[in-house]
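# Secondary and tertiary structure notes
Next come the chains, spelled out residue by residue.
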Amino acid sequence: MPLPIVETCRKRKRRPSVYSLHRLGEEEFPICRSGSFRDNVRVFLRDFAEVEEYSIRGSPVWCTLLNHEAKSSVIPLYTIEEDVVRSSEPYCDHCRCTGWSNHFVSKRNYHFIIPSDTEWNMPLEDDVFDLQSHLLHGLIHTNGFGHLICVNGREGGSRYLCGREMVDLWDRICTNLGARMITVEDSSKKRAMDLRLLYGVAYGHSWFGRWGYRFCRGSYGVTKSDYENAIELLGSLQLDQIEVDFGEHRQCKRIKQVFRHYREMSEGHLKTFKDLLRFILIIKSHAPQKNKHHAAPPSPSTDSPPKKRSNRLFMKKSDAVESEKSQGYKSYSTVAANLGSRWPVRRLEYAAEVIVEALKEMKALKQSGMTRQDVRDSARLHIGDTGLLDYVLKSMNNVIVGNVLVQRYVDPTTRILHYTIQELDDATTLVEQKKDPVIEAVPLRVVSESKAVGNVHGDLLLLYTNVLLDYPESESVRSAAQVVLDSKHFIKEWPLWDNSDKVFRFVCRINPSLVDLRSEQFTEPPPGELVTVPLEATVFDLKQAIEETFRDTYCILTNFEVSEIDELKEDDDDNDSDLLFGKLESCSALTVRGSGIDLESNLKFQGGCDTWMVKCVCRARDDDGERMISCDVCEVWQHTRCCGIDDSDTLPPLYVCSSCCDEFAETQKRDLQPKYEFQNPDQMLMIGAADDYFGEDEGCLGMIMFPSDSFVSEQFIL
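Note that the coordinates shown come from a computational prediction; the quantities given were computed from them, not determined experimentally. (Residues numbered from 1 in each chain as written. Predicted model: local features only at pLDDT ≥ 70, side-chain atom pairs only at ≥ 80, totals over all residues. Heavy atoms only, no water.)

### Quick look at empty space enclosed by the protein
The tally for this structure, following the rule as stated, stands at 3 cavities of 30 Å³ or more. Taken as a whole, the largest cavity encloses approximately 210 Å³ of empty space. Considering the residues around the largest cavity, the lining is formed by 20 residues, among which Gly35, Gly178, Pro495, Leu496 and Leu530 are closest to the centre. If you list the elements that add at least two residues to the lining of the largest cavity, you get helix H2 (37-48) and strand S21 (529-534). Tallied by class, residues from the lining of the largest cavity come to 7 nonpolar, 7 polar and 6 charged. The space that makes up the second largest cavity amounts to roughly 60 Å³. Of the residues forming the lining of the second largest cavity, the biggest block, 3 residues, is contributed by strand S20 (residues 503-510). Classifying every residue of the lining of the second largest cavity gives 8 nonpolar, 1 polar and 1 charged. (1 Å grid on protein atoms, 1.4 Å probe; cavity = no way out; pocket = protein on both sides within 12 Å on 5 of 7 lines; lining within 4 Å. Points joined across faces, edges and corners; volume = space filled by probe spheres on them. Helix = DSSP H or I, 4+ residues; strand = E, 2+ residues; numbered from the N terminus. Nonpolar A, V, L, I, M, F, W, Y, C, P; charged D, E, K, R; others polar.)

Structure (structure tokens):
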């Protein structure tokens, strides 16, 4: 269970610093990001974490205490620096399954872990890397590439933190420390429903898509095009056509009830299955607690008959629509200048423009409004600072940004805050209409508890099970759903460059000719490394910086020495003492050559030192993390599912793939074919041999050729 702040500090030898759970990782907090991840994480551990008195498998452990204001408790965030050279598992399985087998093995792995509630007061155990019960477990290699391994909120057993808080924290940490690419394997479920399928159909991306994670690679040969086409097909299903297709289905009546119920709530705006799922998910995420709108039954009284209860509640207009201010609308530039926030006005204006662009995209889809959460998620694709977005959204009401008016209102049915925009020409009329608002009662529909469609989770499960997984007589819909389920790996990429002009930034990679990629069966070279040098740096300074970066990052480059940079070879007057200014442009890619690469090391690539091949009928050519089996003849790996072996079945002791079977059959056919070939089968007669020709127990079949002009009669006994 969580510890109060005072008790937590008493357990430490010195009073530690405690940071806000919801602010850690915001822009320039706790550190001002500069350079690469390997530099930023050192600053973070040095200044904002406390070394623990124990180690995990010989790796040091740091702890950063986070304060949850609402719970008045402290949560430990552990950072473990794993030494890959000394590790018993130096290769990263997550890299291999993601398609990063061609990456060099990094020297250090940084694990960021928040253990489960019951382990907050106890030291970490040696098996901490293997547990899936952590509230948060993220791994980032020294080169800035990493993986979100597991997230467990309330659905995973936590009583204090939800999954969204955990991913928010992780996203801010990655942004603040300068991560480059982070992958996640989305296997999250809620009440037996795969969220990647529900959110994929409703929003066009997985649940992690609100933080900017997009399709990385699919299992079983699924491509990005396959995924997008499947999402489009499922989302575009017309509700009216679904009712027709389910006409003879046993769940037809319930499905029609669900459609009618939510169409009434949305005032008939739901046309496609995508619209319906999105609307239900919005209601589910903002729905009040059960029976919140149902008043307690009146106590029995004999003095007066019971009054008839209305099935509609009324609330004040001020609860549904925020009151208008008499001064009218203002330019957001003016509003931002008077806010006095810690962000510069230009930053606030940029965030407002991003929000408006998201609202414009939604309006183009003919949506009447956009919920606050949807606006926030769309804007996060361009701005990672959630604190900034929340601050700007709070100040955006009745303001003009560019040539549009931004307003917000509370939906009277769902009680969800929405944002809308209108062209500036229409806004003038709107001002006149709202000068004297009329206070009136707005009816709120209340669904009876006895109606099954009032159960949002039950409605989702009904649609998920029948429409998505078992659509009647439509193989295309079921196949599309399977494609989405087979797409588990998603990725987020952070930009390498910023607007800083105080340093030179380069992405430097080893010349592919120095590493034999063909022998490793790789088609792409390893990614380059971010290198920064001052503006007054020379060519010699750049070479030294590249050497230090590669030596500090990768195992096989510990003794690497740069001899030349390909982009400077064309300069005949090249001298190591020359300034970089005028020779190279910042934010460019460089290819370097040198010596000292340990090509004999086993710690070369994340794919490991074993040579094996994947060639499955589903077009997969690399390990995607799914269950596989190897042919005992050719030793090629294939998916068990593609071979007709269920995941619940045990693997056979001997397995021969179809290719080897076909090749064996062709060989046998060639070896066993008849030695004599007849040009004309009509000249052949099949007869039985004499019973005693080979003895009493033997028999044979004779073939006699009819004589021709150039043929001497002959008998062949087979």
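### Let's talk about helix H16 (residues 456-468)
Helical periodicity: at 3.6 residues per turn, an α-helix aligns residues three or four positions apart in one direction. Between its terminal C-alpha atoms H16 stretches 17 Å, which fits the 18 Å expected from 13 residues at 1.5 Å a residue. The residue sitting at the N-terminus of H16 and contributing the capping side-chain oxygen is Asn455; that oxygen lies 3.3 Å from the backbone nitrogen of His457. (Expected span 1.5 Å × (residues − 1). Polar contact = N/O pair within 3.5 Å; in protein donor to acceptor, adjacent residues only side chain to side chain.)

### Brief notes about the packing of aromatic side chains
Per the stated rule, a full pass over the model turns up 17 aromatic pairs. Judged by centre distance (5.2 Å) and plane angle (25 degrees), the ring pair of Phe215 and Tyr227 falls under stacked. With Phe215 in strand S11 (residues 214-217) and Tyr227 in helix H6 (residues 224-235), this pair connects stretches of sequence that are 12 residues apart. Overall, Phe215 belongs to the buried group, its relative accessible area being 14%. Judged by centre distance (5.3 Å) and plane angle (85 degrees), the ring pair of Phe246 and Tyr471 falls under edge-to-face. Remark: Tyr471 occurs in the loop between H16 and helix H17 (475-485) and Phe246 occurs in the loop between helix H7 (239-245) and helix H8 (252-265); sequence separation between them is 225 residues. Judged by relative accessible area, which is 1%, Phe246 ranks as buried. Overall, Tyr471 belongs to the buried group, its relative accessible area being 3%. Feature note: the residues Trp207, Phe208, Trp211 and Tyr213 constitute an aromatic cluster, connected by ring pairs. Positioned above the aromatic ring of Tyr220 is the side chain of Arg641, whose terminal nitrogen or guanidinium carbon lies 3.7 Å from the ring centre. (Phe/Tyr/Trp six-rings, centres within 6.5 Å; stacked < 30°, edge-to-face > 60°. Buried < 20%, exposed > 50% of the residue type's maximum accessible area, 1.4 Å probe, protein only. Lys NZ or Arg CZ within 6 Å of the ring centre and 35° of its normal.)

### Remarks on the nonpolar core
Counting residues in each nonpolar core, the largest one holds 86 residues, and the members touching the most others are Phe112, Tyr262 and Phe273. Here this core takes 8 residues from helix H9 (residues 273-286), the largest share from any one element. If you look at the next biggest cluster of nonpolar residues, it comprises 28 residues, including Phe506, Leu568, Leu580 and Leu590. (Core = buried A, V, L, I, M, F, W, Y, C linked by side-chain atoms within 4.5 Å.)

### Section: the state of the cysteines
With the rule as written, the count across this model stands at 0 disulfides. Free cysteine Cys95: the closest other cysteine sulfur is in Cys92, separated by 3.6 Å. Cys616 carries a free sulfur, and the closest cysteine sulfur to it, the one in Cys642, is 3.6 Å from it. Under the relative-accessibility criterion, Cys616 is labelled buried at 4%. (Disulfide = S-S within 2.5 Å.)

### Considerations on the pairing of strand S26 (residues 636-639)
By the bridge criterion, 2 bridges tie strand S24 (residues 613-614) to S26 in an arrangement that is parallel. Paired with Val614 across the two strands is Trp637, which belongs to S26. Pairing analysis gives 3 bridges linking strand S25 (residues 628-630) to S26, with the strands arranged antiparallel. By the bridge assignment, Met628 is partnered in S26 with His639. Hairpin connection, S25 to S26: the antiparallel pair is bridged by 5 residues, and Glu635 has positive phi, about 65 degrees. (Pairing = 2+ DSSP bridges.)

### Observations regarding the sheet that holds S21
As a general point, the strands of a sheet are linked pairwise by backbone hydrogen bonds and lie either parallel or antiparallel. The 4 strands lie next to each other as S21-S20-S23-S22, forming an open sheet whose pairing is mixed. Taken across any chain shown, the strands that pair with only one partner, and hence form the sheet edges, are S21 and strand S22 (561-565). Taken over all neighbouring pairs, the strand axes of this sheet differ in orientation by 45 degrees on average, direction set aside. Note that S20 and S21 share 6 bridges and pair antiparallel. For Phe504, the partnering residue across the bridge sits in S21 and is Val533. Against the sheet, helix H18 (residues 539-553) makes contact with S20, S21, S22 and strand S23 (588-595), and its axis sits at roughly 140 degrees relative to S21, the strand it touches most. (Axes fitted to C-alpha atoms, helices over the stretch in contact; angles between N-to-C directions. Contact = heavy atoms within 4.5 Å.)

### A word on the packing of H16 against H17
Between H16 and H17, whose axes approach to 9 Å, the crossing angle comes to 115 degrees. Here H16 contributes Tyr464, Val467 and Leu468 to the contact with H17, which in turn contributes Val477, Arg478, Ala481 and Leu485. Broken down by class, the residue content of the contact of H16 with H17 amounts to 6 nonpolar, no polar and 1 charged.

### Considering a nonpolar patch on the surface
Taken together, Val633, Leu654 and Val656 make up a surface patch of nonpolar side chains, about 270 Å² in accessible area. Along the polypeptide, Val633 turns up in the loop between S25 and S26. (Patch = residues over 30% accessible without salt bridge, like charges linked within 9 Å, V, L, I, M, F, W, Y side chains within 5 Å. Areas by Shrake-Rupley, 256 points an atom, 1.4 Å probe, with all protein chains shown as cover. Salt bridge = Lys/Arg side-chain N within 4 Å of Asp/Glu carboxyl O.)

### Some thoughts on unusual backbone geometry
Although it is not a glycine, Tyr220 adopts a positive phi angle of roughly 55 degrees. Assignment of secondary structure puts Tyr220 in the loop between S11 and H6.

In short, geometric facts, not functional conclusions.
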